[in-house]
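Residue-level structural notes
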Amino acid sequence: DVFYRELPKVELHAHLNGSVSYPTIEKLISRKPHLNIEHGMTAIGKGQRRTLDECFQVFKVIHQLVDTEEDILMVATDVIKEFAADGVKYLELRSTPRDEKTTGLTKKSYIETVIKAIKQCKSEGVDIDVRFLVAIDRRNGTEVAMETVKLAEDFMLSSDGLVLGLDLSGDPTVGHGKDLLPALQKAKNCGLKLSLHLSEVPSQLDESDLLLNLPPDRIGHGTFLHPEVGGSQGLVDKVVKNNIPLELCLTSNVKGQTVARYSEHHFKYWYQMGHPSVICTDDKGVFSTDLSQEYQLAASTFDLSREAVWKLSHDAIDCIFAPDTVKQQLKQKWIDLKPQVF
Ligand code: 5GP
């Protein structure tokens, strides 16, 4: 539906290597034919589902394909242009910096390359404001988390406002947030914004409670925070009291089987409460979706009017990590575009 494509949108939860499109995967495969990777191993098609664990196997395959600065530059550039073509006006990309001994890639050059892609797109006049969140993979533990925070802090100070904060992601069944708390606290103290994957699976109540005390600036998923699904009112109260926006990814959660069906997605719980809820893609490549589709899906599942959808995309502006001046620019853009979209 052209309305959803033309709707100006804000994307706040997009993992770089999960966002790689089919055409880009094809290019990567042709660069590395010896890996014998087929497209079926890098994306989950319509109607297909995987367990969350199987989803994390998919990322490992993509990481094999993306292991040089050249790959990262191409992937980031393609992903940014695809979001722009889908009507995304402001994008916070997140990615986990990796060292690859065989290719000489370092965590530092990884981040530099993403920044280079952002700057290149800007100089080409691509109509999208892109920022970067440095991701911590929880499986890598305390030391790597601390090292990543240091890197993120350096880049925050030297990237002209392009690096805004940190993401905590990775397999939620591995490791515990308490081991990462000192690194996250340090990040917060130095002015990095925090977006944390919280309660993505059941049985993370203690961890969520602990991490909510920071408090984070945004929450990824938060699927099992509320009492109806085994969370608790205490957790909900902390989220509400601190007014922490949620990044909600419908297709990702249904395909990854943490949510049984769209109508049961926790978007309903938080949206009905009037709590800041931002529709996001998570991994548009892996889950074969885009942000227009996600808005359309939310609208059809929860019976949202076009005015309500407009307000949803507009209210997402208040949840971005960039400063108020950027929020004002985006709000003006929404005002300018409204007559064209309606
Ligand atoms: P990258 O950080 O390499 O650009 O993107 C892929 C990585 O993002 C994965 O290895 C994983 O750490 C993280 N990621 C992507 N999607 C999800 C998700 O749905 N849940 C969690 N917890 N992590 C994810």
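Residues numbered from 1 in each chain as written. Predicted model: local features only at pLDDT ≥ 70, side-chain atom pairs only at ≥ 80, totals over all residues. Heavy atoms only, no water.

Quick look at the overall build of the protein chain
- Assigned secondary structure in the protein chain consists of 14 helices and eight strands.
- Taken over the C-alpha trace, the protein chain has a radius of gyration of 19 Å; the compact-globule value for 342 residues is 20 Å, and the two agree within 12%.
- Judged by the C-alpha coordinates and their principal axes, the protein chain covers about 50 × 45 × 40 Å.
- Counting across all 342 residues of the protein chain, residues that qualify as buried make up 57%. (Helix = DSSP H or I, 4+ residues; strand = E, 2+ residues; numbered from the N terminus. Rg over C-alpha atoms; globule rule 2.2 N^0.38 Å. Buried < 20%, exposed > 50% of the residue type's maximum accessible area, 1.4 Å probe, protein only.)

Here we look at the environment of valine 130
- Note that valine 130 resides in strand β3 (residues 129–137).
- Note: C-alpha distance between valine 130 and threonine 258 (128 residues apart in sequence) is 29 Å.
- Those residues within four positions of valine 130 in sequence are excluded, and the remaining contacts are Ile80, Leu91, Ile118 and Leu162. (Contact = heavy atoms within 4.5 Å.)

Comments concerning the site of the ligand
- Taken together, 17 residues sit near the ligand, with His63, Ser95, Thr96, Glu200 and Asp283 positioned nearest.
- For the ligand, an oxygen atom lies 2.6 Å from a polar atom in the side chain of threonine 96.
- Glycine 170 is positioned with one of its backbone polar atoms (N or O) 2.8 Å from a nitrogen atom of the ligand.
- Burial of the ligand by the protein chains amounts to 97% of its free accessible area of 510 Å².
- Of all the elements in the fold, those that place two or more residues in the shell around the ligand are α3 (52–65) and β2 (88–95).
- Of all the elements, α3 adds the most residues to the shell around the ligand, at three residues. (Near = heavy atom within 4 Å. Polar contact = N/O pair within 3.5 Å; in protein donor to acceptor, adjacent residues only side chain to side chain. Areas by Shrake-Rupley, 256 points an atom, 1.4 Å probe, with all protein chains shown as cover.)

Considerations on the pairing of β3
- With seven of its nine residues buried, β3 lies for the most part within the structure.
- In this structure, β3 lies alongside strand β4 (residues 163–169), joined through six bridges in parallel fashion. Looking at β4, one finds that isoleucine 136 is bridged to leucine 168.
- Each parallel crossover has a hand, and the one from β3 via helix α6 (residues 141–158) to β4 is right-handed. (Pairing = 2+ DSSP bridges. Right-handed = clockwise from strand over helix to strand, strands pointing away.)

Concerning the pairing of β2
- Where burial is concerned, most of β2 is hidden: eight out of the eight residues are buried.
- Bridge count for strand β1 (residues 9–15) against β2 is five bridges, and the pairing is parallel. In the sheet register, glutamate 11 faces β2, and the bridge partner there is leucine 91.
- The pairing of β2 with β3 spans six bridges and is classified as parallel. Paired with leucine 93 across the bridge in β3 is phenylalanine 132.
- In the classification by handedness, the crossover that spans β2, the intervening helix α5 (residues 107–123) and the parallel β3 is right-handed.

Notes on the nonpolar core
- Ranked by size, the top nonpolar core spans 111 residues in total, and within it Tyr90, Leu91, Leu166 and Leu184 carry the most contacts.
- Looking at this core element by element, the count peaks at nine residues for helix α4 (residues 69–85).
- Not counting chain neighbours up to four residues away, the residues in contact with leucine 184 comprise Ile136, Leu166, Leu168, Leu194, Leu196, Leu211 and Leu214. (Core = buried A, V, L, I, M, F, W, Y, C linked by side-chain atoms within 4.5 Å.)

Describing α5
- Relative to the 24 Å expected for 17 residues at 1.5 Å per residue, α5 spans 25 Å between its end C-alpha atoms, a close match to the ideal helical length.
- Turning to α5, its buried residues number three or more, namely Lys107, Ser109, Tyr110, Ile111, Thr113, Val114, Ile115, Ala117, Ile118 and Cys121.
- Contacts from the buried residues of α5 go to α4, β2, β3, α6 and β4.
- Phi turns positive one or two residues past the end of α5, at glycine 125, with a value near 80 degrees. (Expected span 1.5 Å × (residues − 1).)

Here we look at the sheet that holds β1
- Pairing is parallel across the open sheet formed by eight strands, whose spatial order is β1-β2-β3-β4-β5-β6-β7-β8. Both outer strands of the open sheet, β1 and β8 (277–279), are each paired with one neighbouring strand and no more. The mean angle between the axes of side-by-side strands here comes to 25 degrees, regardless of whether they run parallel or antiparallel.
- Across the sheet, helix α8 (residues 205–212) is in contact with β4, β5 (193–198) and β6 (218–221); its angle to β5 comes to roughly 170 degrees. (Axes fitted to C-alpha atoms, helices over the stretch in contact; angles between N-to-C directions.)

Examining the state of the cysteines
- This model, assessed by the stated rule, comprises zero disulfides.
- Cysteine 280 provides the cysteine sulfur closest to cysteine 319, a residue in no disulfide bond, and the two sulfurs are 9.1 Å apart. (Disulfide = S-S within 2.5 Å.)

Some points on the packing of helix α2 (residues 22–31) against α4
- Interaxial distance between α2 and α4 falls to 10 Å at its minimum, and their mutual angle equals 165 degrees. With respect to each other, α2 and α4 are oriented roughly antiparallel. α2 and α4 meet at a crossing whose hand is right-handed. From α2, Thr24, Lys27, Leu28 and Arg31 reach across to α4, where they touch Glu70, Asp71, Met74, Val75, Asp78 and Glu82. (Parallel < 35°, antiparallel > 145°, perpendicular 65-115°, else oblique. Left-handed = near helix turned anticlockwise from the far one by under 90°.)

With respect to the environment of glycine 191
- Structurally, glycine 191 can be placed in the loop between α7 (181–189) and β5.
- With residues near it in sequence (within four places) discarded, glycine 191 still touches Met156 and Leu164.

Regarding unusual backbone geometry
- For the bond from leucine 214 to proline 215, the omega torsion is -20 degrees, close enough to zero to count as cis.
- Among the structural elements, proline 215 can be located in the loop between α8 and β6.
- Residue serine 203 is not a glycine yet carries a positive backbone phi of 70 degrees.
- Mapped onto the secondary structure, serine 203 falls in the loop between β5 and α8.
- A positive phi is found at histidine 221, a non-glycine position, where the angle reads about 70 degrees.

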